[in-house]
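Descriptive structure summary
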Amino acid sequence: MELRQIDDYRWEIPQTGAMRVPGIIYADAAMMAALQKEEACRQVANVATLPGIVKASLAMPDIHWGYGFPIGGVAAFDMDEGVISPGGVGYDINCGVRLAVTKLFADEVGPRIADLADALYAGVPCGVGSTGGIRLTVAEEKKAISQGASWAVKRGLGDADDIDRTEDCGHMAEADPEAVSDNALERGRRQLGTLGSGNHFIEVGEVVEVFDPAVAARFGLAEGRITLMLHSGSRGLGHQVCDDYLAVMAKEARKSNIELVDRQLACAPVNASAGRRYFSALACAANFAWINRQVMLHLCREVFMRVFAKGPADLGMRMVYDVCHNIAKKERHEVDGRVRDLCVHRKGATRAFAPGHPDLCAAYRDVGQPVLVPGDMATGSYVLAGCDGAMAETFGSACHGAGRVLSRTAAKKAARGRELFSEMAGRGVALRCQGRTTAAEEMPEAYKDVNSVVEVVHRAGIAKKVAKIRPLAVVKG
Ligand code: 5GP
Ligand code: MN
Ligand code: MN
């Protein structure tokens, strides 16, 4: 495939054939060399063929192959002429990351890290079909997924500040439980407050580097502080919503005469009935995921208080932020000097709104949105802040992680003969997970180097580095 280098961090796939816009990939030369051989580049071009796509089919440096759309992809569609696609959101609707910071310091936590890891592993249900302590009637579940994170807070599982520091206050108003199948409701009913499996994690970390002290202070981050990071999504409910609507969209695309270069791009006009219905169901799943992460934060606070024998004030576990990284949102953006209403798909991409954006909570409005970028279980993770470049170029989006380099199968093969648990312990990380397979699939080498991924978005002016966090304990689903 033809690729044109724009500058050190930007590459263009020129508009050819059925493409309606060009593709733009953010990467450095080394990443690009590796990527060029991959199907993911083709996927960026494929997305560019969809009706109503605006400006460009974008990919962040954590790009890798995904279902239809690449992971690390951002695509915005015109609200009148464009489409919405479940493949552009991903199976785990509103999979996302939540970061909290405590008043504890590393010297206090270090000696107790094994106990803390055990207690978190025991305290938050994990694994594929795991169920939690919250039992709901169908009516209550419908109420919950209509309300989002505030539903949990009303039940005493968090406070108003948690809500304030969650993207969109943990609520998509378009949620309509009638658009969610009984099957999806059933799969979610006992799963609020559960981690899930594989890539999802709970991580205790230590802030090891501060790049922007003023912004870090606003986020509550300072060197040596202990953090808690949660990565999870909408569990069986979101997965089922995606499945249900992929089937619907396959039919809709045919009905609307949308030519699909790949069947996995199944989509429907965003403003017609099927598109709207999927959006209403997606909003329910997004709300479910926010409640899920809110409940888990509550469970983790309890674990920390127990392990360190501290009350809430002394522990001071405060939200930094909660971001979605698998979502479609209706947003207003300026494109070529014109304000337009768009449906922005972020699949393995994070919102990165710049300072001054009206949708940011008051606490961060003048410094920009916290962008949470987990790396891997040993290398570390970053907190960035959204910049003007994101508003100008990427519909206010940045990367969502380091991104996979090895498939799960390849990772398992590469891990053969290695003792990952003791290796991690040797690197100062207490790892807890259900089995050796998960550990192998999730080993650090399965992911790109987060340092170089973050460097790309930082240097491209999309999101700037604020702080780096090193993992001390990781619980994997
Ligand atoms: P995804 O949602 O695409 O599965 O994962 C998001 C990102 O999380 C991955 O791209 C990877 O960089 C990062 N990640 C995966 N496992 C871990 C972990 O155990 N700890 C941290 N900090 N990051 C991880
Ligand atoms: Mn997920
Ligand atoms: Mn995720």
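- Going by an unreviewed UniProt entry, the protein chain carries the name tRNA-splicing ligase RtcB and comes from Desulfosudis oleivorans.
- UniProt's Sequence similarities (unreviewed entry) comment on the protein chain is quoted here verbatim: "Belongs to the RtcB family."
- UniProt, in its Subunit (unreviewed entry) section for the protein chain, records the words "Monomer."

Some points on the overall build of the protein chain
- Along the backbone of the protein chain there are 17 helices and 19 strands.
- A compact globule built from 477 residues would reach a C-alpha radius of gyration of about 23 Å, and the protein chain, at 21 Å, matches this within 12%.
- Considered along the principal axes of its C-alpha atoms, the protein chain spans approximately 60 × 50 × 50 Å.
- Per-residue burial for the protein chain yields a buried fraction of 62% across its 477 residues.
- Long-range pairs, those at least 24 residues apart, make up 77% of the contacts in the protein chain between residues at least 6 apart in sequence.
- As presented, the protein chain carries roughly 17,000 Å² of accessible surface, and 49% of it is formed by carbon and sulfur atoms.
- Considering the protein chain, the positive charge centre built from 57 side chains and the negative charge centre built from 58 side chains are found 4 Å apart.

Considering the site of ligand 1
- Neighbouring ligand 1 are 18 residues, the closest being Asn199, Glu203, Gly375, His400 and Ala402.
- Starting from 510 Å² of accessible surface for ligand 1 in isolation, the protein chains cover 94%.
- Secondary structure elements with two or more residues in the shell around ligand 1: strand 8 (201-210), strand 15 (370-376) and strand 19 (463-476).
- Here the residues of the shell around ligand 1 sort into six nonpolar, eight polar and four charged.

Let's talk about the side chain of glutamate 203
- Relative to the helices and strands, glutamate 203 resides in strand 8.
- Buried within the structure, glutamate 203 lacks any salt-bridge partner; lysine 476 is the closest side chain of opposite charge, at an N-O distance of 6.7 Å.
- If sequence neighbours within four positions are ignored, glutamate 203 has contacts with Thr227, Leu228, Met229, Asp376, Met377, Ser381, Pro471, Ala473 and Val474.

Comments concerning the nonpolar core
- One finds Ile25, Phe219, Leu221 and Phe395 to be the most contacted residues of the largest nonpolar core, which totals 98 residues.
- Among all residues touching isoleucine 25, those that are not within four sequence positions of it are Tyr9, Arg10, Trp11, Ile13, Met32, Leu35, Cys41, Val44, Ala59 and Ile63.

Focus on the environment of asparagine 94
- By the element assignment, asparagine 94 lies in the loop between strand 6 (83-84) and strand 7 (96-105).
- Separated by 311 residues in the primary sequence, asparagine 94 and valine 405 place their C-alpha atoms 22 Å from one another.
- Among residues more than four places away in sequence, those in contact with asparagine 94 are Ser232, Gly233, Ala286, Ala289, Trp290, Arg293, Cys324, Asn326 and Ile327.
- Within the structure, asparagine 94 has its side chain in polar contact with the backbone oxygen of alanine 286 (distance 2.9 Å).

Looking at the pairing of strand 19
- With 12 of 14 residues buried, strand 19 lies mostly within the body of the structure.
- Examined bridge by bridge, strand 8 and strand 19 share nine bridges and lie antiparallel to one another. Within strand 19, the residue paired with glutamate 209 across the bridge is lysine 468.
- Two strands pair when backbone bridges link them, and strand 18 (residues 430-433) and strand 19 are joined in this way by four bridges, in the parallel orientation. Its bridge partner being in strand 19, arginine 432 is matched across the sheet by valine 475.

Side note on the coordination of the manganese ion (ligand 3)
- Cys95 (SG), His231 (NE2) and His325 (NE2) make up the full set of protein donors to the manganese ion (ligand 3), lying at 2.1 to 2.3 Å.
- Donor residues binding the manganese ion (ligand 3) come from one chain and are separated in sequence as C-x135-H-x93-H.
- Between the manganese ion (ligand 3) and the manganese ion (ligand 2), a separation of 3.6 Å is found, and both are coordinated by cysteine 95. Here histidine 231 is found in strand 9 (residues 225-232), whereas its partner histidine 325 is found in the loop between strand 11 (318-324) and strand 12 (326-335), with 94 residues between them in sequence.

Thoughts on the coordination of the manganese ion (ligand 2)
- Summarising the metal site, the manganese ion (ligand 2) is bound by the protein donors Asp92 (OD), Cys95 (SG) and His200 (NE2), whose distances to it range over 2.1 to 2.3 Å.
- Read in sequence order, the donor residues for the manganese ion (ligand 2) give the motif D-x2-C-x104-H.

Description of the sheet that holds strand 12
- Across the sheet, seven strands lie side by side as 1-2-3-4-5-13-12; this open sheet has mixed pairing. Looking at strand neighbours, the two that pair on one side only are strand 1 (4-7) and strand 12, the edges of this open sheet. Sheet twist, expressed as the average angle between the axes of neighbouring strands with direction ignored, equals 25°.
- Strands in contact with helix 2 (residues 39-47) are strand 2 (10-13), strand 3 (23-26), strand 4 (57-64) and strand 5 (71-78); relative to strand 4, the strand with the most contacts, it is inclined by about 160°.
- With respect to the sheet, helix 17 (residues 450-459) is in contact with strand 3 and strand 4, its orientation differing from that of strand 4 by roughly 150°.

Quick notes on the packing of helix 5 (residues 138-147) against helix 11 (residues 273-308)
- Packing of helix 5 against helix 11 leaves a shortest axis separation of 7 Å and a crossing angle of 90°. Judged on the interaxial angle alone, helix 11 and helix 5 are roughly perpendicular. In this structure, helix 5 contributes Glu141, Ala144, Ile145, Ser146 and Gln147 to the contact, and helix 11 contributes Ala283, Cys284, Asn287, Phe288 and Ile291.
- Within the contact of helix 5 with helix 11, the residues separate by chemical class into six nonpolar, three polar and one charged.

Describing the pattern of salt bridges
- This model, assessed by the stated rule, comprises 37 salt bridges.
- A salt bridge links arginine 10 to aspartate 7; the nearest nitrogen and oxygen atoms lie 2.9 Å apart.
- A salt bridge links arginine 351 to glutamate 331; its shortest N-O distance comes to 3.0 Å. In this pair, arginine 351 sits in strand 14 (residues 349-351) while glutamate 331 sits in strand 12, placing the two residues 20 residues apart along the sequence.
- By relative accessible area, which is 4% here, arginine 351 ends up buried.

Details of helix 2
- With seven of nine residues buried, helix 2 is to be regarded as a mostly interior element.
- For helix 2, the complete set of buried residues consists of Ala40, Cys41, Gln43, Val44, Ala45, Asn46 and Val47.
- Next to the buried residues of helix 2 lie strand 2, strand 3, helix 1 (29-35), strand 4 and strand 5.

Conventions adopted
Residues numbered from 1 in each chain as written. Chains lettered and ligands numbered in written order. Predicted model: local features only at pLDDT ≥ 70, side-chain atom pairs only at ≥ 80, totals over all residues. Heavy atoms only, no water. UniProt positions renumbered as here; feature names shortened; annotations may be inferred. Helix = DSSP H or I, 4+ residues; strand = E, 2+ residues; numbered from the N terminus. Rg over C-alpha atoms; globule rule 2.2 N^0.38 Å. Buried < 20%, exposed > 50% of the residue type's maximum accessible area, 1.4 Å probe, protein only. Contact = heavy atoms within 4.5 Å. Areas by Shrake-Rupley, 256 points an atom, 1.4 Å probe, with all protein chains shown as cover. Lys, Arg positive; Asp, Glu negative; His and termini not counted. Charge placed at Lys NZ, Arg CZ, Asp CG, Glu CD. Near = heavy atom within 4 Å. Nonpolar A, V, L, I, M, F, W, Y, C, P; charged D, E, K, R; others polar. Salt bridge = Lys/Arg side-chain N within 4 Å of Asp/Glu carboxyl O. Core = buried A, V, L, I, M, F, W, Y, C linked by side-chain atoms within 4.5 Å. Polar contact = N/O pair within 3.5 Å; in protein donor to acceptor, adjacent residues only side chain to side chain. Pairing = 2+ DSSP bridges. Donors = N, O, S within 2.8 Å, 3.2 Å for Na, K, Ca; no water. Axes fitted to C-alpha atoms, helices over the stretch in contact; angles between N-to-C directions. Parallel < 35°, antiparallel > 145°, perpendicular 65-115°, else oblique.

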